Amino acid sequence: MVYIIVVLAICGVDLGIKYWIEKKKTSNDKTELLKGAVVIEKSHNNGACMNFMEKRPNYVLGITGVLLGILISMFALVLPKKRKSLFKLGMAFMLGGALGNFFDRMHRGYVVDYLNFPKIKKLKRIDFNVSDLFIFIGSILMFLVEIFTKDN
């Protein structure tokens, strides 16, 4: 039950922030945090990661829908198993993030991104949202659990 709450909390927080960003921010409105290490600014992602396939939004929606279905199925299979707490947490992080972005894609036709890390050279041209961060953290967590546990 706690993992389902994690999924809903991540999705809800991200969608709440996206709603606020859409209503209160313009594309040119930037807010710097942590001495400019984090910048909040509104951007729209019409494709997948870094606007990949932005000219084919229906394909992106279909592909992400299939992947979301697979992730939900895997989550449903793993959830009742005893132990594997960190693996389940990783899946909950990924699922919460995936649901937040999929909801955006379904209802807006694009994903609202609002975080930028300009002081990190490799990331300064990429915009993120909370869902993206949890998808990344969840996948890393699941990967590490699979590598470092004996009872796969």
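Data block above holds the structure.
Residues numbered from 1 in each chain as written. Predicted model: local features only at pLDDT ≥ 70, side-chain atom pairs only at ≥ 80, totals over all residues. Heavy atoms only, no water.

### Here's the deal with the pairing of strand β3 (residues 111–116)
For β3, a buried count of six out of six residues is recorded, marking the element as mostly surrounded by other parts of the structure. In this sheet, β3 lies alongside strand β2 (residues 38–45) in antiparallel orientation, the contact comprising five bridges. Residue pairing for β3: Ser 43 is matched across the bridge by Asp 113. (Buried < 20%, exposed > 50% of the residue type's maximum accessible area, 1.4 Å probe, protein only. Helix = DSSP H or I, 4+ residues; strand = E, 2+ residues; numbered from the N terminus. Pairing = 2+ DSSP bridges.)

### Overview of a positive patch on the surface
Taken together, the side chains of Lys 121, Lys 122, Lys 124 and Arg 125 define a basic patch exposed on the protein surface. Locating Lys 121 in the fold gives a position in the loop between β3 and β4 (127–128). What makes Lys 121 exposed here is its relative accessible area of 75%. (Patch = residues over 30% accessible without salt bridge, like charges linked within 9 Å, V, L, I, M, F, W, Y side chains within 5 Å. Areas by Shrake-Rupley, 256 points an atom, 1.4 Å probe, with all protein chains shown as cover. Salt bridge = Lys/Arg side-chain N within 4 Å of Asp/Glu carboxyl O. Lys, Arg positive; Asp, Glu negative; His and termini not counted. Charge placed at Lys NZ, Arg CZ, Asp CG, Glu CD.)

### Looking at the environment of Asn 28
By the secondary structure assignment, Asn 28 is in the loop between α1 (2–24) and β1 (31–33). We classify Asn 28 as exposed; its relative accessible area is 73%. Spatially, the C-alpha atom of Asn 28 lies 37 Å from that of Met 142, the residues being 114 residues apart in sequence.

### Let's talk about the packing of aromatic side chains
Enumeration according to the criterion identifies two aromatic pairs in this entry. Where Phe 93 meets Phe 134, the ring centres are 5.0 Å apart and the plane angle is 75°; that geometry is what we call edge-to-face. Of the two residues, Phe 93 sits in helix α3 (residues 85–108) while Phe 134 sits in helix α4 (residues 130–148), which places them 41 residues apart along the sequence. With a relative accessible area of 16%, Phe 93 lands in the buried category. Cation over ring: Lys 84 sits above Phe 87, and NZ or CZ is 5.3 Å from the ring centre. (Phe/Tyr/Trp six-rings, centres within 6.5 Å; stacked < 30°, edge-to-face > 60°. Lys NZ or Arg CZ within 6 Å of the ring centre and 35° of its normal.)

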